[in-house]
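# Chains, contacts and geometry: an overview
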Amino acid sequence: MAGLYGVLDTSGSALDTFKTWMAALGDNVANVNTIKRTSESAFQARLIEVRERAGGGVEVAGVDFSNPEGTIVYDPTSPLADAKGEVRAPAVEMSDQMTSMIAAQRGYQLNLAVIDRAREAYQAALQIGK
Amino acid sequence: MAIPLVGSATSAALTSLQQAQSAASTAGTSAAEANSSFGDMVSQGIQSLDATQQSADKLALQAATGDLSDMHDYLIAATKASLATDLTVAVRNKAVDSFNEIMRMQI
């Protein structure tokens with residue numbers, strides 16, 4: 001049946017991919033304030049790698065992580081601060097995350113629209129000869 | 001004169017039935033199975049419909065128990081099951097219509 005409902009499978013794979021991307025972005029945004037000691041590595045933002053799927057569609061190829069160095073921030077009031085009064089903040093840029101979130105959301109919505117149109121088209125085809 | 005007419009009408013009816021059969025078999029199964037009988041084609045189509053419905057049922061159960069990881073997976077499976085059911089019903093209706101048309105034939 002894969003050939004008969006090919007559009008549904010193709011768009012379904014895109015929905016899976018965009019959902020994975022949104023989950024990664026959500027995790028990154030959730031940890032935007034995760035401060036670590038300078039002796040530890042910073043929170044690493046997740047970056048999703050995608051590739052085209054054989055036979056149509058898209059799939060997640062793997063996950064990359066951002067720089068574990070993060071950014072050193074001077075915050076002597078923090079209980080995690082070292083002798084120099086510095087802590088390690090994650091290298092997560094909120095504006096980048098939010099623009100990516102818009103792209104992921106729009107991509108998800110687009111593929112839902114494709115599925116809806118395909119379903120309407122299939123159902124119209126069933127009316128042939130009636 | 002009447003007998004050749006009946007014969008040509010029957011062959012025309014048979015031809016249209018075969019056309020419906022080949023159209024149905026390309027819709028339901030692969031082209032390699034186009035030579036199998038109409039009954040085989042229908043039972044294969046119903047088996048694949050059953051498989052589609054079972055996968056949708058499995059995801060519906062996961063949705064009910066909270067085990068579903070992706071809600072779109074269930075909705076796509078449900079859409080597929082619904083479309084496959086509609087297609088099977090359409091093929092069956094066409095077959096029954098053809099049969100009724102033959103049964104109405106004056107002999």
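Here the structure is a predicted model, which is why all the values come from computation and not from measurement.

Secondary structure summary: chain A contains 2 helices and 4 strands in total. Each helix (α) and strand (β) of chain A, taken in turn from the N terminus, gives the series α-β-β-β-β-α. Radius of gyration (C-alpha) of chain A: 22 Å, far over the 14 Å computed for a compact globule of 130 residues. On the principal axes, the C-alpha backbone points of chain A span a range of 80 × 25 × 15 Å. Put simply, chain A has 130 residues, and 28% of those count as buried. Here the contacts in chain A between residues at least 6 apart in sequence split such that 55% fall between residues at least 24 apart. In the form shown here, chain A has an accessible surface area of approximately 7700 Å², with 56% of it arising from carbon and sulfur atoms.

Residue and element names in this part refer to chain B. Averaged over all residues, the pLDDT of chain B equals 77, while 67% of them reach at least 70. Mean pLDDT values for the elements of chain B range from 51 in helix α1 (residues 2-28) up to 91 in helix α3 (residues 71-103). Ignoring residues within four places in sequence, the model shows residues 1-7, a span with pLDDT below 50, making 0 contacts including any to other chains. Quick note on the complex model: pTM equals 0.74, ipTM equals 0.73.

With 18 residues of chain B in contact, the opposing surface of chain A contributes 17 residues. Summing the contributions of chain B and of chain A, the shared interface buries around 1500 Å²; its carbon and sulfur component is 64%. Of all residues in chain B, B:His72, B:Lys80 and B:Leu83 bury the most surface against chain A, accounting for 38% of the area lost on that side. Among the salt bridges present, the one from A:Asp9 reaches B:Lys80, with a minimum N-O distance of 2.5 Å. Between chain B and chain A we count 6 residue pairs in polar contact (both at pLDDT 80 or more) in total.

This part is about the side chain of A:Ser13. All names here are of chain A. In this fold, Ser13 is placed in helix α1 (residues 6-30). From its side chain, Ser13 meets the backbone nitrogen of Val58 in a polar contact 3.0 Å long. In contact with Ser13, other than residues within four places in its own chain, are Arg53, Gly57 and Val58.

Bringing the pattern of salt bridges into the picture now. The full count for this structure, using the stated rule, is 7 salt bridges over all chains. Measuring nitrogen to oxygen at the nearest pair gives 2.4 Å for the salt bridge that ties B:Asp70 to A:Lys19. Taken as a pair, B:Asp70 in the loop between α2 (38-65) and α3 and A:Lys19 in helix α1 lie in two separate chains rather than in one. The shortest N-O distance in the salt bridge between A:Glu86 and A:Lys84 comes to 3.9 Å. The class for A:Glu86 is partly exposed, based on a relative accessible area of 23%.

Quick look at the packing of aromatic side chains now. Residue and element names in this part refer to chain A. Taken as a whole and judged by the stated rule, the model has 2 aromatic pairs over all chains. Here the aromatic rings of Tyr5 and Tyr122 are separated by 5.5 Å at their centres, their planes lie at 85 degrees, and the arrangement is edge-to-face. Of this pair, Tyr5 sits in the segment before α1 while Tyr122 sits in helix α2 (residues 94-125), and the two are 117 residues apart along the sequence. Given the relative accessible area of 3%, Tyr5 is considered buried. Judged by centre distance (6.2 Å) and plane angle (35 degrees), the ring pair of Phe18 and Trp21 falls under tilted. You can see Phe18 and its partner Trp21 sitting in helix α1, 3 residues apart, about one turn around the helix. Of the residues examined, Trp21 reaches a relative accessible area of 27% and is grouped as partly exposed.

The rules behind these values
Residues numbered from 1 in each chain as written. Chains lettered and ligands numbered in written order. Predicted model: local features only at pLDDT ≥ 70, side-chain atom pairs only at ≥ 80, totals over all residues. Heavy atoms only, no water. Helix = DSSP H or I, 4+ residues; strand = E, 2+ residues; numbered from the N terminus. Rg over C-alpha atoms; globule rule 2.2 N^0.38 Å. Buried < 20%, exposed > 50% of the residue type's maximum accessible area, 1.4 Å probe, protein only. Contact = heavy atoms within 4.5 Å. Areas by Shrake-Rupley, 256 points an atom, 1.4 Å probe, with all protein chains shown as cover. pLDDT = per-residue confidence, 0-100. Buried area = accessible area lost by both parts, 1.4 Å probe. Salt bridge = Lys/Arg side-chain N within 4 Å of Asp/Glu carboxyl O. Polar contact = N/O pair within 3.5 Å; in protein donor to acceptor, adjacent residues only side chain to side chain. Phe/Tyr/Trp six-rings, centres within 6.5 Å; stacked < 30°, edge-to-face > 60°.

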